[in-house]
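Notes for the structure review
Okay, here's what each chain looks like letter by letter:
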Amino acid sequence: MHILDPNTNLVVEHIESWDVKPGAVVKTLLKPSAKIPTSNWDVLFNSIHDGDLSGIWLASSSNVIKLTGAVVVLSFVLKLVTGNGLDAWPVAAAGFVAGLITEVLKISGVAQGGESN
């Protein structure tokens, strides 16, 4: 808002206010500028912005496979070397299998979503 001097018609005061909720600003920042997603990151951020849990999973499943696969392999190596594996290996194995199934569905065309890396 601007306050004008009635004699000179010049701005003598500028009053700035913001009526924006922080959540709305963050939501806008997560929205990629491209209209058509050009990368897996675009798909992921579009899905986050839209609150699309299925889209988030489809966009991140290939990375879940990499992470959980590494945890499972590390657990088995530790089990062979020390006799004790990681306690989290069953959860990691479940994530690995879920990610693998998702990727197979994406390749077969049954599931649509993020690109496989």
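I will try to describe carefully the structure that is included in this document. Here the structure is a predicted model, which means the values were calculated and not measured.

**Quick look at the packing of aromatic side chains**
Tallying each qualifying case throughout the model produces two aromatic pairs. Between Phe76 and Trp89, the ring centres sit 5.6 Å apart and the planes meet at 50 degrees, which makes this aromatic pair tilted. Of the two residues, Phe76 sits in helix α3 (residues 53-82) while Trp89 sits in helix α4 (residues 89-108), which places them 13 residues apart along the sequence.

**Some remarks on the packing of α3 against α4**
Relative to each other, α3 and α4 sit at 140 degrees, their axes nearing to 7 Å. Between α3 and α4, the crossing angle belongs to the class labelled oblique. As α3 packs across α4, the resulting crossing turns out to be left-handed. Seen from α3, the contacting residues are Trp57, Leu58, Ser61, Ser62, Val64, Ile65, Thr68, Gly69, Val71, Val72, Ser75 and Phe76; seen from α4, they are Trp89, Ala92, Ala93, Gly95, Phe96, Ala98, Gly99, Leu100, Thr102, Glu103 and Lys106.

Procedures and definitions
Residues numbered from 1 in each chain as written. Predicted model: local features only at pLDDT ≥ 70, side-chain atom pairs only at ≥ 80, totals over all residues. Heavy atoms only, no water. Phe/Tyr/Trp six-rings, centres within 6.5 Å; stacked < 30°, edge-to-face > 60°. Helix = DSSP H or I, 4+ residues; strand = E, 2+ residues; numbered from the N terminus. Axes fitted to C-alpha atoms, helices over the stretch in contact; angles between N-to-C directions. Parallel < 35°, antiparallel > 145°, perpendicular 65-115°, else oblique. Left-handed = near helix turned anticlockwise from the far one by under 90°. Contact = heavy atoms within 4.5 Å.

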